[in-house]
Amino acid sequence: MPHPHDDFAVYAQAGWPRLVTTAQLLAGDPREATELVRNALVGVCARWRRIPRDDVDFYVRRSLVKEHLRRARRHQALPQEELGALSARQRVVLVMLHWEGLGETEIAQMLGCSAGAVRSRARRGLALCGGDAERLRGLFAEAAEAAKGAETAETADGVVPFAVPLGAIEHRGRTLRRRRVGAVTAVCALLLAPAAVFAADRILGAGGADEPGAKTVGMASSPIRIVAPGERVEAVPGMQVWLTTDGKHWSTPQRPNQFRGLAEDGGESEKPGVSAQLEPVNSAYFLSGLYHGLSADPARVEVTVDDSKITGSVLTLAGSPGWGVWYARAPLSAAKLKTSYAEGGPTITVYDAAGKVVARSGGDG
């Protein structure tokens with residue numbers, strides 16, 4: 001549900017001190033920390049109405065971490081005593097683990113990596129800091145006290161916190177949202193143009209193999225996006241898709257809030273499989289589905305409808321390899337679908353990074 005307009009203001013004002021403290025632990029500099037939080041909140045404000053209410057903290061933390069890592073790639077953060085030896089990602093893992101109190105799975109989703117990678121960074125980062133987790137938490141606590149001091153000012157009435165730059169954040173957030181809407185509208189117009197669809201079919205299409213395990217060469221890879229639980233993605237104009245740990249959710253103007261569970265597709269079995277669901281969106285039809293049972297994320301998902309071959313896009317949850325959602329961006333006509341289903345329906349083929357077929361299935365409508 002959309003958030004009330006004043007929800008963001010309430011959240012930003014209440015969370016500002018905590019976010020600035022966390023940002024200073026990440027960046028090691030008060031001025032840098034304030035700028036990190038300001039920019040992160042601008043991005044969150046721009047998409048505030050689409051953020052699930054229960055996931056606000058996750059989205060804000062992830063925006064803060066992403067902004068920090070972007071800046072860290074451009075220039076080195078100021079060293080902060082013994083923490084200066086850490087890489088940017090090691091520092092993020094240690095701060096989120098030992099200061100914010102997050103679990104390895106949550107941190108993995110935030111960073112878009114596996115829980116194993118988080119454990120490895122935590123182990124190596126802690127070793128660089130002396131190997132004592134309690135001592136590291138003490139360093140964080142000292143830095144947090146310094147951050148609180150930097151965020152207050154002495155006045156005649158005592159010590160008060162600096163004002164949150166809420167007006168500037170909301171103004172920049174609204175501007176960013178308008179720019180994104182304009183960009184998405186332009187891209188959607190191109191995607192829906194017949195010439196663009198024809199070009200996509202010609203460029204992305206390629207021959208498939210007849211049996212699982214057969215090799216293919218010279219085929220384009222599927223775009224793969226790692227998402228957080230509940231993060232909504234506009235797969236095609238008018239159709240949103242999101243994942244939770246138990247399966248696929250999607251919504252269209254005609255049929256809102258649909259769900260397909262992993263259990264329905266045999267996702268609890270170790271045998272690889274892939275399903276397809278046909279969805280009417282406005283005046284066109286689109287295909288999407290679940291894949292499961294893979295030892296890693298697929299490199300390519302190919303959809304065969306009649307004589308046309310389309311490369312699908314993939315969504316997967318961080319830390320949950322082996323299953324995910326695929327969807328085709330190209331719209332299908334009723335006539336093409338009728339011909340395809342007369343011959344057994346669309347075929348979905350999943351390839352691994354070596355070009356081998358690891359799963360194949362017809363559509364289940």
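Note that this is a predicted model, so its numbers are computed, not measured.

1. Structural notes on the pairing of strand β12 (residues 308–311)
Then step 1. As judged from the four bridges shared by strand β11 (residues 300–305) and β12, these two strands associate in the antiparallel manner. Each residue of the ladder has a partner; that of valine 303, found in β12, is isoleucine 310.
Then step 2. With antiparallel pairing between neighbouring strands as the criterion, β11 and β12 make up a hairpin whose turn holds two residues, including aspartate 306 at a positive phi of roughly 60 degrees.

2. So, the pattern of salt bridges
Then step 1. Taken as a whole and judged by the stated rule, the model has 13 salt bridges.
Then step 2. One salt bridge in this structure joins glutamate 35 and arginine 38, with 2.5 Å as the shortest N-O distance. Residue glutamate 35 and its partner arginine 38 are both found in helix α2 (residues 30–46); the two are separated by three residues, about one turn of the helix.
Then step 3. On the basis of relative accessibility, which here comes to 28%, the residue glutamate 35 falls in the partly exposed class.
Then step 4. Linked through salt bridges whose partners overlap, the residues forming this network are Glu32, Glu35, Arg38, Glu67, Arg70 and Arg71.

3. Quick look at the side chain of arginine 71
Then step 1. If you trace the backbone, arginine 71 turns up in helix α3 (residues 56–74).
Then step 2. Within polar-contact distance, the side chain of arginine 71 engages the side chain of glutamate 32 at 3.3 Å.

4. Some thoughts on the packing of aromatic side chains
Then step 1. According to the stated counting rule, one finds three aromatic pairs in the structure shown.
Then step 2. Aromatic ring contacts, followed pair by pair, group Phe8, Tyr11 and Trp48 into a single cluster.
Then step 3. Lysine 248 extends its terminal NZ or CZ atom over the ring of tryptophan 250, reaching a point 4.0 Å from the ring centre.

5. Quick word on a positive patch on the surface
Then step 1. On the surface, Arg47, Arg50, Lys66 and Arg232 cluster together into a patch of positive charge.
Then step 2. Tracing the backbone shows lysine 66 in helix α3.

6. Side note on the environment of glycine 312
Then step 1. Structurally, glycine 312 is set in the loop between β12 and β13 (313–317).
Then step 2. Glycine 312 gets classed as buried once you look at its relative accessible area, which sits at 0%.
Then step 3. Between the alpha carbons of glycine 312 and proline 223 there is a distance of 7.6 Å; along the sequence they are 89 residues apart.
Then step 4. Apart from the residues lying within four places of it in its own chain, the contact partners of glycine 312 are Ser222, Pro223, Val301 and Tyr327.

7. A short note on the sheet that holds strand β6 (residues 247–251)
Then step 1. Strand order in the open sheet made by the four strands is β4-β5-β6-β7, with antiparallel pairing throughout. Two strands in the sheet have a free side with no partner beyond their single neighbour: β4 (233–236) and β7 (258–261). Across the sheet, the mean angle separating the axes of adjacent strands is 30 degrees when strand polarity is ignored.
Then step 2. Where strand β5 (residues 239–244) meets β6, five bridges bridge the pair, whose relative direction is antiparallel. Residue pairing in the sheet places threonine 244 in a bridge with glycine 247 of β6.

8. Some points on the packing of helix α1 (residues 7–27) against α2
Then step 1. Where α1 contacts α2, the axes come no closer than 8 Å and their chain directions differ by 140 degrees. The pairing of α1 with α2 is recorded here as oblique in orientation. Remark: the crossing between α1 and α2 carries right-handed chirality. Across from Phe8, Ala12, Trp16, Leu19, Val20, Ala23, Gln24 and Ala27 in α1, the residues of α2 making contact are Pro30, Glu32, Ala33, Thr34, Leu36, Val37, Arg38, Leu41, Val44 and Cys45.

9. Section: unusual backbone geometry
Then step 1. Despite not being glycine, asparagine 257 shows a phi value in the positive range, around 50 degrees.
Then step 2. Locating asparagine 257 in the fold gives a position in the loop between β6 and β7.
Then step 3. Of the residues examined, asparagine 257 reaches a relative accessible area of 57% and is grouped as exposed.

10. Details of the pairing of strand β15 (residues 347–351)
Then step 1. With four of five residues buried, β15 is to be regarded as a mostly interior element.
Then step 2. For β11 and β15, the ladder comprises five bridges, and the chain directions are antiparallel. Paired with arginine 300 across the strands is tyrosine 351, a residue of β15.

11. Brief notes about the confidence of the model for the protein chain
Then step 1. Mean pLDDT over the protein chain: 77, with 74% of residues reaching 70 or higher.
Then step 2. Within the model, pLDDT remains below 50 along residues 153–161, and this stretch shows eleven contacts once partners closer than five positions in the same chain are excluded.
Then step 3. In this model, residues 190–218 is a region of pLDDT below 50 whose contacts with residues beyond four sequence positions or in other chains number 47 contacts.

12. A few points about helix α6 (residues 115–128)
Then step 1. Its 14 residues give α6 an end-to-end C-alpha distance of 20 Å, which sits within 8% of 20 Å, the value for a rise of 1.5 Å per residue.
Then step 2. What α6 keeps buried is the set Ala115, Val118, Ser120, Ala122, Gly125 and Leu126.
Then step 3. Phi turns positive one or two residues past the end of α6, at glycine 130, with a value near 105 degrees.

Parameters and conventions
- Residues numbered from 1 in each chain as written.
- Predicted model: local features only at pLDDT ≥ 70, side-chain atom pairs only at ≥ 80, totals over all residues.
- Heavy atoms only, no water.
- Pairing = 2+ DSSP bridges.
- Helix = DSSP H or I, 4+ residues; strand = E, 2+ residues; numbered from the N terminus.
- Salt bridge = Lys/Arg side-chain N within 4 Å of Asp/Glu carboxyl O.
- Buried < 20%, exposed > 50% of the residue type's maximum accessible area, 1.4 Å probe, protein only.
- Polar contact = N/O pair within 3.5 Å; in protein donor to acceptor, adjacent residues only side chain to side chain.
- Phe/Tyr/Trp six-rings, centres within 6.5 Å; stacked < 30°, edge-to-face > 60°.
- Lys NZ or Arg CZ within 6 Å of the ring centre and 35° of its normal.
- Patch = residues over 30% accessible without salt bridge, like charges linked within 9 Å, V, L, I, M, F, W, Y side chains within 5 Å.
- Areas by Shrake-Rupley, 256 points an atom, 1.4 Å probe, with all protein chains shown as cover.
- Lys, Arg positive; Asp, Glu negative; His and termini not counted.
- Charge placed at Lys NZ, Arg CZ, Asp CG, Glu CD.
- Contact = heavy atoms within 4.5 Å.
- Axes fitted to C-alpha atoms, helices over the stretch in contact; angles between N-to-C directions.
- Parallel < 35°, antiparallel > 145°, perpendicular 65-115°, else oblique.
- Left-handed = near helix turned anticlockwise from the far one by under 90°.
- pLDDT = per-residue confidence, 0-100.
- Expected span 1.5 Å × (residues − 1).

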